[in-house]
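The primary structure of each chain is shown beneath.
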Amino acid sequence: MGIIIPGVDMHSEDRLPRVVIAEDDEDMRDVLCELVAGLGVEVASASSGGDLILLLTDDSPVDLLITDVRMPWMTGFQVALSARNSGLGIPIIIVTAFPDDALRAQVDHLGSAVLLAKPFRPEELLSLVRARLPANAATA
Amino acid sequence: MKLARKLILSMVIGLTVVLAANSFYRVRRELTAFDEDMKQDHEVLAQVLEKAVTAVWVSQGRAAALQLIAATKPPSQMLHIRWVDGESGYGQDVRPSQLVTRVPILAGGNRMGFVEISESRDFARAYVRNTVIRSFALTLIAVICVGAISTVLGIWFVGKPIEKLVEKAARIGAGDVEGQLVIRQRDEIGELAAEMNAMCLRLIETRQALTAETEERLRAQEQVRHADRLATVGKLASGIAHELGTPLGVALMRANMIASNPSLGRDTRDAAHIIGEQIDRITHIVRQLLDFARGRATSPPGPLTRRNPADLLAIAERAVAMLQPLAVKRHLVIAVVADPVLPKPPANPEQIEQVLVNLLVNAIHASERPGKVTIALGAVEAKAPADLTPPVWSEGSEPKYALISVRDEGVGISPEVLPRIFEPFFTTKHVGEGTGLGLSVAYGIVREHSGWIEVASERNRGSCFSVYLPMDSVEIEWGGGS
């Protein structure tokens, strides 16, 4: 399947980087959003695979995707894979509580994607995010 | 009745019949010949007497003739000659007790009377009696001799060996197949004994094969049971760990956020820091549980998860470097012994290092006195445990495994504890010394590599953990796993 993503790479240099976070657990989603927002970036969140597709296909630019794997409707990995196949080249951080070798290999295959196993420390996530934001992005 | 006795009896009866028949016919034949001889003697004597008496009767008269007869001396005392008047009774007459021959005397054409020669047949009867007695005695002697000889030979060649055979057969029937039957005879009995021995050997072989197979099956069952138990525990552990992942993550991050918020008071931030540290500890345990449970990942290893050949020596050196301070503190020497040509199994080097570190920590903790911990690296041909699906080896190649063993000179593991050492949270260490997850994690990682760990241990002599990692196998297409 493919997702049509209009003009995702056409962001201008003077806007804030935009990070999309998909996570079905509300508390987790909130804390992730707060943490990442603390880096001084714009954050959009989704609570299911369907929401995530909608977020990725609207007109706003996306610089980084952080997604959980197990979510209702469609797994974060499936969404990421479809987006990649449709030409979305942004870095992706896949968060999971089930980090087996098969998933690791699939994530490696995805390209410019990294797997982060739950539970993780805030610094682990933040350093991954920092390393993947555009060079001139603001940091907290 | 016993076989030997039957044979002997039938032989004796046969012999008796033959000897008796032989005696009977011989006696009859000889008796007939004796009678014939006697008759011929009588005829010759009768002819001579007839001529002589007739001549005397014609020339000198009756008195002279009768005197001649009376004066004739018979050739044997048994023989009697006399003159009988009258005309009847001519010829020979065989009576049971005697033979009587009468010859007529003619003078001038008239019959004057006849000369009678009679002979007793007592001698013949005595001869028959003697012969019968002799034959009987002979038969008796023969029967005794033959009986004795055949009894001895029968017992020697038939009775004893058959007895041995019967006893052996009974023993076999009762299940005792040990021991060889010694019968040195080149006959049917010898052949039977040889066959019986061969049969026993085959039975022993079959029994040994059966015993080995049963043991093998029992061991396999035990391995499967053990793996099943660990798998159940692993599922439980991974279920808990997965469920804990998100809430722990949330709590950890919140605590860190509070701790690093400068607008809050110092006490509050310190408390949040401690909460964060504690959650960190829980997180560490949960990660170890996940490492243990990963050996039971639902998706089979596929081409996507192909691992690169791992440098075992480099891994071992890194692990030793990490644990050197702990070993020195406990006055232990860690030695690495590696084969000149080391195998390079496809493996995740960080995970194998973790396995080695966990095994080393375990070895160091087991060593209560100064000594040595030896890491040996090499290759070995081995048979995978029953619960493990072995990799598919290319045709003709031997199943090869890389072997990493860690041997200590510590306290050893007691037999009751041994089956449980890979269970998560099972520990014999003091509280605070270990979580009881080290060996579980090693087990999980090795299983994930399609390998296994064997443990040999002797009380107060030390333990040896052997890690078997499969070498490259034929690539299998599992289809798209996700």
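Residues numbered from 1 in each chain as written. Chains lettered and ligands numbered in written order. Predicted model: local features only at pLDDT ≥ 70, side-chain atom pairs only at ≥ 80, totals over all residues.

Colleague: Mind laying out the packing of helix α1 (residues 3–60) of chain B against helix α3 (residues 122–173) of chain B, listing which residues take part and the relevant values?
Modeller: All names here are of chain B. Axis separation between α1 and α3 bottoms out at 8 Å; the angle between their running directions is 160°. With respect to their mutual orientation, α1 and α3 come out roughly antiparallel. The two elements α1 and α3 cross, and the hand of that crossing is right-handed. (Axes fitted to C-alpha atoms, helices over the stretch in contact; angles between N-to-C directions. Helix = DSSP H or I, 4+ residues; strand = E, 2+ residues; numbered from the N terminus. Parallel < 35°, antiparallel > 145°, perpendicular 65-115°, else oblique. Left-handed = near helix turned anticlockwise from the far one by under 90°.)

Colleague: Let's hear about the nonpolar core: which residues, and what values?
Modeller: In this structure, A:Ile94, B:Leu356 and B:Ala442 are the most contacted members of the largest nonpolar core, which totals 93 residues. With eleven residues, helix α4 (residues 188–259) of chain B is the single largest residue contributor to this core. A domain-level breakdown of this core finds at least three residues from each of domain 2 (203–299) and domain 3 (307–470) of chain B. Setting aside chain neighbours within four positions, we find B:Ala442 in contact with B:Val355, B:Asn358, B:Leu359 and B:Ile453. By size, the runner-up hydrophobic cluster in this structure holds twelve residues, among which are B:Leu45, B:Ala46, B:Val53 and B:Val56. (Core = buried A, V, L, I, M, F, W, Y, C linked by C-beta atoms within 7 Å. Buried ≥ 20, exposed ≤ 12 C-beta atoms within 10 Å, placed from the backbone. Domains from an automatic or database assignment. Contact = placed C-beta atoms within 7 Å.)

Colleague: Break down the sheet that holds strand β4 (residues 110–120) of chain B for me, with residues and values.
Modeller: Residues and elements named next belong to chain B. The sheet built from four strands is open, its strands ordered β1-β4-β3-β2 with antiparallel pairing. At either end of the open sheet lies a strand with only one pairing partner, and these are β1 (79–85) and β2 (91–94). With direction set aside, neighbouring strand axes in the sheet form an average angle of 20°. Direction of pairing for β2 relative to strand β3 (residues 98–107): antiparallel, over a ladder of four bridges. Bridging across to β3, aspartate 93 finds its partner in valine 100. (Pairing = 2+ DSSP bridges.)

Colleague: Just give me the short version of the pairing of strand β8 (residues 452–458) of chain B, but keep the residues and values in it.
Modeller: Residue and element names in this part refer to chain B. The pairing of β8 with strand β9 (residues 462–470) spans seven bridges and is classified as antiparallel. Across the sheet, the residue bridging to glutamate 458 is glycine 462, located in β9. Linking β8 back to β9 in an antiparallel pair, the connection comprises three residues, with asparagine 460 at a positive phi of about 65°.

Colleague: Tell me about the confidence of the model for chain B, and please be specific about residues and values.
Modeller: Residue and element names in this part refer to chain B. Summary statistics for chain B give a mean pLDDT of 82 and a share of 90% for residues scoring 70 or more. Of all helices and strands in chain B, the one with the weakest mean pLDDT is β2 (76), whereas β9 scores best (91). Confidence over residues 296–304 falls short of pLDDT 50; this stretch has 22 contacts with residues more than four positions distant or in other chains. In the predicted structure, residues 474–482 sits below a pLDDT of 50 and forms 13 contacts with residues beyond four places in sequence or in another chain. For this predicted complex, the interface score ipTM comes out at 0.74, alongside a pTM of 0.49. (pLDDT = per-residue confidence, 0-100.)

Colleague: Outline unusual backbone geometry, listing residues and values.
Modeller: All names here are of chain B. The backbone phi angle of serine 450 is positive, close to 60°, even though this residue is not glycine. Secondary-structure assignment places serine 450 in the loop between α8 (438–448) and β8. The class of serine 450 is buried, set by 21 C-beta atoms lying within 10 Å. Positive phi values are uncommon outside glycine, yet asparagine 460 reaches one of about 65°. Mapped onto the elements, asparagine 460 comes out in the loop between β8 and β9. By C-beta crowding, asparagine 460 is classed as exposed, having 9 other C-beta atoms within 10 Å.

Colleague: Describe helix α7 (residues 349–366) of chain B, naming the residues involved and giving the relevant values.
Modeller: For α7(B), with 18 residues, the first-to-last C-alpha span of 25 Å sits near the 26 Å given by 1.5 Å per residue. At its buried positions, α7(B) is contacted by α6 (312–329), β6 (371–381), β7 (400–407), α8 and β9 of chain B. (Expected span 1.5 Å × (residues − 1).)

Colleague: Go over the sheet that holds strand β4 (residues 92–96) of chain A with me, naming the residues and quoting the values.
Modeller: All names here are of chain A. One open sheet accounts for five strands, arranged β2-β1-β3-β4-β5; its pairing is parallel. Of all the strands in the sheet, the pair left with one neighbour each is β2 (42–46) and β5 (113–117). For this sheet the average axis-to-axis angle between neighbouring strands, irrespective of direction, equals 20°. Helix-sheet contacts for helix α5 (residues 122–132) involve β3 (64–68), β4 and β5, and the interaxial angle to β5 is about 170°.

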